[in-house]
Amino acid sequence: DMYGGFTINRGSSDGLSLNDPVITSAGLVGRVTEIAPNYARVSTLLSPQVNVGVFSMRSRATGVLENDVTTAEKGLCLMSNILKEADIRVGDIVATSGNSGLFPEGVVVGTVRELYDDPNGLSRHAIIEPIVNCFDVTDVFAIVEFDGKGLSFDAGE
């Protein structure tokens with residue numbers, strides 16, 4: 001698909017579950033979004049289906065990957081909800097924050113390529129170049145257990 005999604009030849013009979021994070025040794029690829037006994041469908045971090053809290057490893061400035069078609073077409077991710085005064089720079093490495101309980105903390109996502117102000121003037125956006133080229137991945141790992149899995153600290157609306 002246009003977001004680089006793919007199917008892996010392992011499924012629930014191998015211990016995989018829906019939403020399990022999928023990585024390579026380099027960093028985050030995406031998460032399991034469909035599961036059967038002997039296969040699973042992976043949506044990549046280019047997909048709007050994969051929203052993940054991230055932070056700059058240099059400064060701990062936080063944001064959220066919220067992808068859209070425009071960035072995905074270029075093979076890039078959009079990081080939004082960055083505070084206006086946050087210390088974030090082009091070249092910063094961003095990693096998963098672990099807040100959602102869907103992803104472990106500290107898995108590398110990519111590098112900040114560009115920064116710009118949100119039109120609302122209250123926050124900033126960063127264009128992130130993923131560390132893993134989702135269209136070229138051949139071998140991936142699914143993380144079936146990690147500290148904080150399933151715990152979510154966001155207050156429900």
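Numbering of residues starts from 1 in each chain and follows the order in which that chain's sequence is written. Where local features are concerned, this predicted model is filtered to residues with pLDDT of at least 70; where side-chain atom pairs are given and counted, the filter is 80 or more; whole-chain, interface and lining totals use all residues. Hydrogens and waters are ignored; side-chain quantities use all the structure's heavy atoms.

### What to know about the packing of aromatic side chains
Centres within 6.5 Å make a pair out of two Phe, Tyr or Trp rings, where for Trp the six-membered ring is used; the pair is then stacked when the planes are under 30 degrees apart, edge-to-face when over 60, and tilted otherwise. Evaluated as defined, the whole model comprises zero aromatic pairs. Note on geometry: a ring has a charge over it if NZ (lysine) or CZ (arginine) is within 6 Å of the ring centre and within 35 degrees of the ring normal. A cation sits over an aromatic face here: Arg60 above Phe55, 4.3 Å from the ring centre.

### Section: unusual backbone geometry
Glycine aside, residues mostly have negative phi angles, and peptide bonds mostly take the trans form. Phi is positive for Asn19, which is not a glycine, with a value near 80°. Helix numbering and strand numbering both begin at the N terminus, where a helix is a DSSP run of H or I of at least 4 residues and a strand a DSSP run of E of at least 2. Locating Asn19 in the fold gives a position in the loop between β1 (6–8) and β2 (21–23). In this structure, Arg60 takes a positive phi of about 65° despite not being glycine. Examined against the element boundaries, Arg60 turns out to sit in the loop between β5 (52–56) and β6 (62–65).

### Remarks on the side chain of Thr24
Mapping Thr24 onto the fold places it in the loop between β2 and β3 (28–35). Whenever two N or O atoms come within 3.5 Å, that pair is a polar contact, provided that in protein one can donate a hydrogen and the other can accept it, and provided that, for residues adjacent in sequence, both atoms are side-chain atoms. There is a polar contact of 3.0 Å between the side chain of Thr24 and the backbone nitrogen of Ala26. Throughout, a residue-residue contact means that at least one pair of heavy atoms, one from each residue, lies within 4.5 Å. Ignoring sequence-local partners within four residues, the contact set of Thr24 consists of Val29, Val132, Val137, Asp139, Val140 and Phe141.

### So, the nonpolar core
Most often, soluble globular proteins have nonpolar side chains that are buried together. Note on terminology: a nonpolar core comprises buried Ala, Val, Leu, Ile, Met, Phe, Trp, Tyr and Cys residues joined through side-chain atoms within 4.5 Å. Three labels apply to residues, based on accessible area from a 1.4 Å probe with only protein chains included: buried if under 20% of the type maximum, exposed if over 50%, partly exposed otherwise in between. Leu28, Leu45, Leu65, Met79, Val109 and Ile128 are the most contacted members of the largest nonpolar core, which has 26 residues in total. Those elements giving two or more residues to this core turn out to be β5, β7 (77–83), β9 (108–117) and β10 (123–130). With nine residues, the next largest nonpolar core counts Leu16, Val22, Val29 and Val42 among its residues.

### Here we look at the sheet that holds β1
Any two strands between which DSSP finds at least two bridges are classified as paired. Sheet architecture is open: five strands sit in the order β1-β4-β3-β2-β11, paired in antiparallel fashion. For this open sheet the edge positions go to β1 and β11 (141–142), each flanked by a neighbour on one side alone. Bridging between β1 and strand β4 (residues 40–44) involves three bridges; their strand directions are antiparallel. Looking at β4, one finds that Ile8 is bridged to Ala40.

### With respect to the pairing of β3
Sheet topology note: the β2/β3 ladder contains three bridges and is antiparallel. Looking at β3, one finds that Val22 is bridged to Gly30. Where β2 folds back onto β3 in an antiparallel hairpin, the turn is made up of four residues. Bridge count between β3 and β4: five bridges; the pairing is antiparallel. Counted as the bridge partner of Glu34 is Arg41 from β4. Between β3 and β4, which pair antiparallel in sequence order, lie four residues.

### A few points about the pairing of β9
In this sheet, β9 lies alongside strand β8 (residues 93–96) in antiparallel orientation, the contact comprising three bridges. Looking at β9, one finds that Ala95 is bridged to Val108. As paired strands, β9 and β10 are joined by seven bridges and run antiparallel to one another. Residue pairing across strands places Asp117 opposite Arg124, the latter belonging to β10. Taken together, β9 and the strand that follows it, β10, pair antiparallel across an intervening segment of five residues, in which Gly121 is found at a positive phi of about 75°.

Function cannot be inferred from these measures alone, as they are strictly geometric.
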